[in-house]
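Geometric and topological summary
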Amino acid sequence: LEFKMAASWLRRPLSRLAGSIRGPCCTGGIAARTVAVQGLRCFSVDGAESEEDTHEIMFYAMRHPAVITLREMYSFGLGGNHSTRTLLLAAQFLHEELPVRLARRARELKKLPFGLGDTASIKGVRKLYERSFFRIRRFPKPNTPELEEKFTEMLEDIKNEHNSVQANIARGLQELSEVRVDIYSQPGALVHDGMPFDFSTFLDRFYLSRVGVRVLIGQHIMLHHPQDGFVGIIQTNCQPAMVCQHAIEDAARVCDMQFGASPEVLLEGATSTILPYIPEHLHYIFFELIKNSMRATVERYRDSSEELPPISVVFAEGEEDIAIKISDKGGGIPRSGVHRLWTYTFTTAGSTAEKLAEVGQEGRGGTPVMAGFAHGLPLSRIYARAFGGDLHVMSMQGHGTDVYIHINKMGNREVSVP
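Fair warning: this is a prediction, and the values are worked out from it, not measured in the lab.

**Looking at helix α7 (residues 145–161)**
Here α7 is 17 residues long and its end C-alpha atoms lie 24 Å apart, about the 24 Å a rise of 1.5 Å per residue gives. For α7, the complete set of buried residues consists of Leu 147, Glu 148, Phe 151, Thr 152, Met 154, Leu 155, Ile 158 and Glu 161.

What follows is the structure in structure tokens.
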């Protein structure tokens, strides 16, 4: 049925389609307004507003994303030397590619079972994806430097608008648990009338795609702002140990604000190892894991006369990847709870609802949230896996936890942007 509806949209006369397109979309915010782009009027749209809009999203959702690897992105940016032709080619590729990726996620959000897609927060995320889809679709093909610059400004605005997606997904889960008492959760799944839905697998797929979209947009934006030692967002000689040190400082600052103390973190092993990589991804992983270790360590020893034991981070370089082990003595977790770490609903740090409220306060100058959001660990694994790596947890209750991170070396095998 979906295929027939999409096919009927494709067969519509161009004159009718032109009437539904409303002109290219502006790069501004949500409110309807007009700006001039080469003499054209452009209007913002708020999601799918008509049957034709819905069919258009459906048609693009049935297409497959293009296969592009991190190494190809690196080579393209490096060889193009940020020339006008390079930027135009990249913008034209994104103009065709991003609607496919956005439409696929919008359709998945709309088809969520048990009323999850109808919660205010999830519906807001879907509308955001639909609005971003139409803003790109209504924008003319960026075939001049002026249009390319406007297109890039629009992409930057879209990227910023999507910053709140993670918190809104968590809010959607919270809203569902508050209004639907007939739905209960099992590790990684939601259950209604005995019918389970593997929500963790859906979120793994959703967030992996989100990483891919943000990498593609971020790479193009940063080609406009070249930095020494970088090709777009990819650092030529990224040193994981240095990124880890910055993440340690950030985590310690949050821990000090929350508990008034933070344990020392020791870096050991092959700390001088370098490779081409995206340092922002590494920072997210290190920050989340070290923050968890610091919290567990402080909570275990805060009523003890003993000094806080240090956290150890060991780096090792192999033929295929770089491995990092983060070890703490924070008491560990029960063996039965290890598999629940990846479910987006499990946290050892209190109520997710309370932490979501704190997120809102943080945006207004409150204290940064230390833990309890339930997304940090599974998202860290997503970032590790996005380009061929992985993340594993081994815990000994009564002692502590070891986390193993594997970072794939870019040149060893082709890894597609998710």
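Read on for the rest.
**A word on the environment of Arg 85**
Considering the arrangement of structural elements, one finds Arg 85 in helix α5 (residues 84–110). By relative accessible area, which is 62% here, Arg 85 ends up exposed. Put simply, Arg 85 and Thr 144 are 59 residues apart on the chain and 9.5 Å apart in space, counted from C-alpha to C-alpha.

**Points about the pattern of salt bridges**
What the rule picks out here adds up to 14 salt bridges. Note that Arg 137 is salt-bridged to Glu 56, the shortest N-O span being 2.9 Å. Note that Arg 137 is positioned in helix α6 (residues 120–137) and Glu 56 in helix α3 (residues 51–61), a separation of 81 residues in sequence. By relative accessible area, which is 23% here, Arg 137 ends up partly exposed. Overall, Glu 56 belongs to the buried group, its relative accessible area being 2%. In this structure, the salt-bridge partner of Arg 138 is Glu 56, at a minimum N-O distance of 3.0 Å.

**Notes on the nonpolar core**
Judged by nonpolar contacts, the single largest core of 96 residues is most densely connected at Phe 286, Leu 391 and Ile 405. The element that contributes the greatest number of residues to this core is helix α9 (residues 199–223), accounting for 11 residues. Apart from the residues lying within four places of it in its own chain, the contact partners of Phe 286 are Pro 240, Val 243, Cys 244, Ala 247, Lys 291, Phe 315, Ile 324, Ile 326 and Ile 405.

**Side note on a negative patch on the surface**
Together, Glu 146, Glu 149, Glu 153 and Glu 156 make up a region of like negative charge exposed at the surface. Note that Glu 153 resides in helix α7. Given the relative accessible area of 37%, Glu 153 is considered partly exposed.

**Comments concerning the sheet that holds strand β7 (residues 234–238)**
Read across the sheet, three strands follow the order β6-β7-β9 without closing on themselves; strand pairing throughout is antiparallel. Each edge of the sheet is formed by a strand with only one pairing partner; in this case those strands are β6 (230–231) and β9 (275–277). Two elements, β6 and β7, share two bridges in a ladder whose sense is antiparallel. Bridged to Phe 230 within β7 is Gln 235. Packing against the sheet, helix α11 (residues 279–301) makes contact with β6, β7 and β9, and its axis sits at approximately 75° to β7.

**Structural notes on the packing of aromatic side chains**
Ring pairs (aromatic) are described by centroid distance and by the angle formed between their planes. This structure, assessed with the given rule, holds 10 aromatic pairs. With a centroid separation of 5.6 Å and an interplanar angle of 90°, the aromatic rings of Phe 59 and Tyr 60 are classed as edge-to-face. Among the residues examined, Tyr 60 registers a relative accessible area of 7% and is labelled buried. Aromatic rings pair up to connect Tyr 129, Phe 202, Phe 206, Tyr 207 and Tyr 344 into one cluster. The ring of Trp 342 is capped by Arg 381, whose NZ or CZ atom sits 4.2 Å from the centre of that ring.

**Side note on the pairing of strand β11 (residues 321–327)**
Here strand β10 (residues 311–317) pairs with β11 via six bridges, running antiparallel. Bridging from a neighbouring strand, Ala 316 pairs with Ala 323 of β11. Hairpin connection between β10 and β11: a loop of three residues separates the two successive antiparallel strands. For β11 and strand β13 (residues 400–408), the ladder comprises seven bridges, and the chain directions are antiparallel. Paired with Ile 326 across the two strands is Val 403, which belongs to β13.

**Notes on the sheet that holds strand β8 (residues 265–269)**
Pairing between the strands of a sheet is mediated by backbone hydrogen bonds and can be parallel or antiparallel. With mixed pairing, five strands are arranged side by side in an open sheet as β8-β10-β11-β13-β12. On the outer flanks of this sheet lie β8 and β12 (390–396), each paired with one strand and no other. With direction set aside, neighbouring strand axes in the sheet form an average angle of 15°. Strand contacts of helix α10 (residues 240–259): β8, β10 and β11, with the helix running at about 175° to β8, the strand carrying the most contacts. Along the sheet face, helix α13 (residues 376–385) touches β12 and β13 and points at about 140° away from the line of β12.

Rules behind the numbers
Residues numbered from 1 in each chain as written. Predicted model: local features only at pLDDT ≥ 70, side-chain atom pairs only at ≥ 80, totals over all residues. Heavy atoms only, no water. Helix = DSSP H or I, 4+ residues; strand = E, 2+ residues; numbered from the N terminus. Expected span 1.5 Å × (residues − 1). Buried < 20%, exposed > 50% of the residue type's maximum accessible area, 1.4 Å probe, protein only. Salt bridge = Lys/Arg side-chain N within 4 Å of Asp/Glu carboxyl O. Core = buried A, V, L, I, M, F, W, Y, C linked by side-chain atoms within 4.5 Å. Contact = heavy atoms within 4.5 Å. Patch = residues over 30% accessible without salt bridge, like charges linked within 9 Å, V, L, I, M, F, W, Y side chains within 5 Å. Areas by Shrake-Rupley, 256 points an atom, 1.4 Å probe, with all protein chains shown as cover. Lys, Arg positive; Asp, Glu negative; His and termini not counted. Charge placed at Lys NZ, Arg CZ, Asp CG, Glu CD. Pairing = 2+ DSSP bridges. Axes fitted to C-alpha atoms, helices over the stretch in contact; angles between N-to-C directions. Phe/Tyr/Trp six-rings, centres within 6.5 Å; stacked < 30°, edge-to-face > 60°. Lys NZ or Arg CZ within 6 Å of the ring centre and 35° of its normal.

So, to be careful, I would describe these as geometric facts and stop short of saying anything about function.
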